[in-house]
Amino acid sequence: MYKLLNSIMLAALISLCSPALAVDGKATKTPAASAKGCGGSDLLAELATTDPAAYTRVARGAEAALNGNALLWKIEREGTPASYIFATLHLTDERITTLPDKVRTALSSSTQVLLEAADVSQGASASALADASKAALFSDGQTLEKLLTPEEYAKAKAALDLAGLPGAVVHLYRPWIVSLFIAATACEREKLKRGIPILDMQIAAEAKSRGTPVAGLETIDQQLSALASLPEDQQLGMLRASLAMHERTNDLAETLVRLYLDRRTGAAWPLQLVLAEKAGIGADAFQGFQDKIVNERNIKMRDAATPYLEKGGAFIAVGALHLIGKSGLVELIREKGYTVTALQ
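Remarks on the overall build of the protein
Working step 1: Counting its regular elements, the protein contains 18 helices and six strands.
Working step 2: In the protein, which comprises 344 residues, the proportion classed as buried is 54%.
Working step 3: Within the protein, contacts between residues separated by at least 24 positions form 84% of all contacts whose residues are at least 6 apart in sequence.
Working step 4: Approximately 14200 Å² of the protein is accessible, and the part contributed by carbon and sulfur atoms is 52%.

Quick look at the confidence of the model for the protein
Working step 1: On average, residues of the protein score 86 in pLDDT, and 87% of them reach the 70 mark or higher.
Working step 2: With pLDDT under 50 throughout, residues 1–35 is counted as low confidence; its partners more than four residues away or in other chains account for 111 contacts.

Brief notes about the pairing of strand β3 (residues 112–115)
Working step 1: Every second residue of β3 is oriented toward a common face, with Gln112 and Leu114 on one face and Val113 and Leu115 on the other, all of them buried.
Working step 2: As paired strands, β3 and strand β5 (residues 314–319) are joined by four bridges and run parallel to one another. By the bridge assignment for β5, Val113 is matched with Phe315.
Working step 3: Of the pairings in the sheet, the one linking β3 to strand β4 (residues 214–216) comprises three bridges and is parallel in character. Looking across to β4, one finds that Leu114 is bridged to Ala215.

What about the sheet that holds β5?
Working step 1: Within the open sheet, the six strands sit side by side as β4-β3-β5-β2-β1-β6. Their pairing is mixed. For this open sheet the edge positions go to β4 and β6 (339–342), each flanked by a neighbour on one side alone. When the angles between neighbouring strand axes are averaged without regard to direction, this sheet yields 25°.
Working step 2: Pairing between strand β1 (residues 72–77) and strand β2 (residues 80–88): five bridges, direction antiparallel. Its bridge partner lying in β2, Trp73 is registered against Ile85.
Working step 3: Each of β2, β3, β4 and β5 touches helix α12 (residues 199–209); the most contacted strand, β3, lies at about 160° to it.

Notes on the pattern of salt bridges
One side chain can pair with another of opposite charge once the charged atoms of both are near each other.
Working step 1: Summed over the entire model, instances satisfying the criterion amount to 18 salt bridges.
Working step 2: Salt-bridge contacts for Glu76 lead to Lys74; the nearest nitrogen and oxygen are separated by 3.7 Å.
Working step 3: The residue Glu190 makes a salt bridge to Arg194 at a minimum N-O spacing of 3.8 Å.
Working step 4: Judged by its relative accessible area of 43%, Arg194 is partly exposed.
Working step 5: Among the charged side chains, a salt-bridge network with shared partners connects Asp42, Asp93, Arg95, Glu254 and Arg258.

Side note on the packing of helix α15 (residues 249–261) against helix α16 (residues 268–278)
Working step 1: α16 packs onto α15 with a crossing angle of 155° between their chain directions and a minimal axis gap of 11 Å. In terms of their interaxial angle, α15 and α16 are classed as roughly antiparallel. Considering only the axes of α15 and α16, their crossing is right-handed. On α16, the residues touching Leu252, Thr255, Leu256 and Leu259 of α15 are Ala268, Leu271 and Leu275.
Working step 2: Among the residues forming the contact of α15 with α16, the class breakdown is six nonpolar, one polar and no charged.

Here is what the cut-offs are and how they apply
- Residues numbered from 1 in each chain as written.
- Predicted model: local features only at pLDDT ≥ 70, side-chain atom pairs only at ≥ 80, totals over all residues.
- Heavy atoms only, no water.
- Helix = DSSP H or I, 4+ residues; strand = E, 2+ residues; numbered from the N terminus.
- Buried < 20%, exposed > 50% of the residue type's maximum accessible area, 1.4 Å probe, protein only.
- Contact = heavy atoms within 4.5 Å.
- Areas by Shrake-Rupley, 256 points an atom, 1.4 Å probe, with all protein chains shown as cover.
- pLDDT = per-residue confidence, 0-100.
- Pairing = 2+ DSSP bridges.
- Axes fitted to C-alpha atoms, helices over the stretch in contact; angles between N-to-C directions.
- Salt bridge = Lys/Arg side-chain N within 4 Å of Asp/Glu carboxyl O.
- Parallel < 35°, antiparallel > 145°, perpendicular 65-115°, else oblique.
- Left-handed = near helix turned anticlockwise from the far one by under 90°.
- Nonpolar A, V, L, I, M, F, W, Y, C, P; charged D, E, K, R; others polar.

Given below as structure tokens:
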């Protein structure tokens, strides 16, 4: 499940590793996809009916999530032009890639656009993945097959096959890279292959069309290194949670899109933990993800953005999870002396 909350590198690696790229020279068949959603049902609405107590836990978690009820924020400090920070989903769904007027206005008034990673081209992705290959493979005699149950291992092989990769070699890969490879729906991979941009890349394209420079707050290499640094037991727990929900990936994506459109992004993490718990995976399996993939990266991204904020006129677009909570970018930027106000 955490795969839907992952960073922008996902889209680049999906595009890179999704074969129309072919296994044994044969392209993997994927469903036809429109520019809109890939279909799916709302898991949170389902939870309200099937497990009201769990639904209440998610709702309370969402209410307690600081800064989890807006997508666009204005950043101000006296004597400096205003900047903005915008929460994204790294998906192609037309419902989210159709930017609201306030977002377009903020984007058009900015003199610099900052994304999580500016270069997610196939070349950059291939290079980063090659550099990360040592961290992606077991080298100590361990195999994924030994770590998973036979049923889980069969699911992992099947999931990689559906992603267009040879499931026969899944035993060689560490859990974090398998989770990454199986992250997207077949529909989303198909749309990426056809060149339909995710929200972040559309923002970059619109900025460049206006002559606005685009920079990254980090690199794909840094993102992959962060994933690889997670404790192996936690990597395994997250992979197990992903495998348990793999047949409902479309539903997971649809749920996240609806939370995003309803400005309820603060519900995403509590829902993640409830769904994982239902799959038998405790919250402790996600502690490293929270610490290293979210909180530590938030500080690094805030620091990378600071020189641009000091000049003013910046438009920052990062995944929605990075804005939420006491350790989220909204609060971290406030700590630097800026007034940060929700606009939409």
